[in-house]
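What the coordinates show
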Amino acid sequence: MLWRNFCVFSLLIILLVGIICYIVVGSSFNTYVQAKMRNVGVVLSALLENGDGRSEDEITEYINGQSFLNGINIIVITDDGEIILPNDISRTEAEYWSGVEITVSEKLSDSGGEDVVFRSDSAFIYSAETNYAAEDGKSSYLVISYSLEVASSAISSVQRYLIIVGVFIIIIAFLVSYGIAQKILDPLKRLTETANKMAKGNYDVKFASTEYQEIAQLSDTLNYAKDEIKKTDDFQKELLANVSHDLKTPLTMIKAYASMIQEISGDDPEKRNQHLQVIIDESDRLTGLVNDILNVSKIRSDVDQINKKVFNLTEFLFGILRKFEYLQETQGYRFYADIDADLYTCADEEKIGQVLYNLISNAVNYTGQDKKIFVSLKLDVAENRIKFSVRDTGKGIKKEEIPSIWDRYYRAKEQHARPVKGTGLGLSIVKTILEKHSFNFGVESEEGKGSTFWVDFPEVDSEDPTE
């Protein structure tokens, strides 16, 4: 298809150029002949007027020489049809010129006496009035003729060569276009074959590059799209596996403890309350899992838009910490807060609440046996930013694993087991929200010494309008 289009396009261009050249050659040749006749006529007119000391035989010889050199016929004729020059003209030539003086006289009369070039039935004719050897009361004319048969023959020869050259050019154009088409089509065919394999679920394929920049860019784009589709496919499989795992355990426990209440502890208030608490905890875990999955889906798909406003980050953080007070009272966790007063920022308050809660909850889940969590919110005046950080005293993270902790279900993928609490989606939610805010964030960790997660918030005046 591509080669056919190349051929049709080449053929149209060559035909167009050929037709133009065909027309231009004919027109240009006619113009050239007429200009040449006029140039010769001007020179001869001057010679006939002045003589330049030449005899009639010498002028005749000169005229014959010009005729031979330029492929033209030249005569000097009177208005009654008598040929004055050349003096050696044959009868046949005289018959050829017979009657030309009438047409010449009419043309010169129409031109007001100026020299003219016109076309007769069989020739291009140049004519100018001259006084050479003219008797009283008579006029003489210089007449130059160029045979149309000769002109047509010359034009036809040139046009024939143009046609031959055009045919060769068409053949060469077809061959060249075939080579170019194959060179373009071959990588496109390979890309198509690779795309068909990818469409069937084979994401290990690689789109080959090529020397053509546009196709190379297409190949790179397809490779990028393939990698992203593979990530999505892997995530879907991973999500199904992990959600199935995370749902199965609490559902099994809920069913088991409900059966125990029904069969064993129904009449024992203490045991019944213990079993009911397990059911409540596992239900909360399921609720958290579903909410986290919904949050990830909404944030990733832009259903949940970012609505920024100015708010007191200090008071907001204290509100988040109060949600963890029950851990201090019931499980012995200790929170150490170093928080500057009245720090304001501009962000989506609800989503930043998710970020702070998930980061502190993550520290709770992975802190050491001392159950200490250190929370900081400090103003950096030089950088005009507010730095939030939360540090735990747990085992820390290996350097090579740090980039992966923001992935969804990272721990589940590594160990296929949930943390103490949470769903394995918390840090992925944090990353997505902060990227949508364009806030800097990160983690610093050392094995055996715990981890510190941090976020930079922009510091604004409390009177700033809502963005």
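Notes on the structure follow. What you see is a predicted model, and the numbers here were worked out from it, not measured in a lab.

**Some words on the nonpolar core**
With 40 residues, the main nonpolar core has Ile352 and Phe388 as its most contacted residues. Going through the elements one at a time, helix H8 (313-322), strand E7 (334-339), helix H10 (349-366), strand E9 (372-380), strand E10 (385-392), helix H12 (426-437) and strand E12 (450-458) are the ones with two or more residues in this core. With seven residues, the top contributor of residues to this core is H10. Look past the residues within four positions of Ile352 in its chain and what remains in contact with it is Phe311, Leu313, Phe316, Ala347, Leu434, His437, Phe439 and Phe457. Counting residues in each nonpolar core, the second largest holds 22 residues, with Leu48, Tyr126, Ala128 and Leu148 among its members.

**Brief notes about a negative patch on the surface**
Taken together, the side chains of Glu56, Asp57, Glu58 and Glu61 make up a negatively charged region of the molecular surface. Within the secondary structure layout, Asp57 lies in helix H2 (residues 56-70). Exposure remark for Asp57: the relative accessible area of 56% places this residue in the exposed category.

**Quick notes on the packing of H10 against H12**
It is the contact of H10 with H12, at a shortest axis distance of 9 Å, that shows an interaxial angle of 145 degrees. H12 is crossed by H10, and the crossing has left-handed handedness. Along its contact with H10, which presents Lys351, Ile352, Gln354, Val355, Asn358, Leu359 and Asn362, the element H12 presents Gly426, Leu427, Ile429, Val430, Ile433, Leu434 and His437. Among the residues making up the contact of H10 with H12, the classes are represented as eight nonpolar, five polar and one charged.

Analysis parameters
Residue indices begin from 1 for each chain and proceed along its sequence in written order. Given that this is a predicted model, residues contribute local features only at a pLDDT of at least 70 and side-chain atom pairs are listed and counted only at 80 or more, while totals for whole chains, interfaces and linings are drawn from all residues. The basis for the side-chain values is all heavy atoms of the structure; hydrogens and waters are excluded. Put simply, buried Ala, Val, Leu, Ile, Met, Phe, Trp, Tyr and Cys residues joined by side-chain atoms within 4.5 Å make one nonpolar core. Only protein chains enter the calculation, and the probe is 1.4 Å; a residue is then buried if its accessible area is under 20% of its type maximum, exposed if over 50%, and partly exposed in between. Put simply, DSSP H or I for four residues or longer makes a helix, DSSP E for two residues or longer makes a strand, and each gets a number counted from the N terminus. Note on definitions: a residue-residue contact is assigned when non-hydrogen atoms from the two residues lie within 4.5 Å. Like-charged residues are merged into a patch within 9 Å and nonpolar side chains (Val, Leu, Ile, Met, Phe, Trp, Tyr) within 5 Å, provided each residue has over 30% relative accessible area and no salt bridge. The Shrake-Rupley method, run with a 1.4 Å probe sphere, supplies the accessible areas, and residue values consider only the shown protein chains as cover. The term salt bridge refers to a side-chain nitrogen of Lys or Arg lying within 4 Å of a carboxyl oxygen of Asp or Glu. Here the positive residues are Lys and Arg and the negative ones are Asp and Glu; neither His nor the chain ends is included. Throughout, a charge is located at the NZ atom of Lys, the CZ atom of Arg, the CG atom of Asp or the CD atom of Glu. Under this scheme, a helix contributes an axis fitted over its contacting stretch, all axes are lines through C-alpha atoms, and angles between N-to-C directions fall in the 0 to 180 degree range. Whether a crossing is left-handed or right-handed is set by the direction in which the near helix is turned from the far one by less than a right angle, anticlockwise for left-handed and clockwise for right-handed. Here the term charged refers only to Asp, Glu, Lys and Arg, the term nonpolar to Ala, Val, Leu, Ile, Met, Phe, Trp, Tyr, Cys and Pro, and the term polar to all other amino acids, Gly among them.

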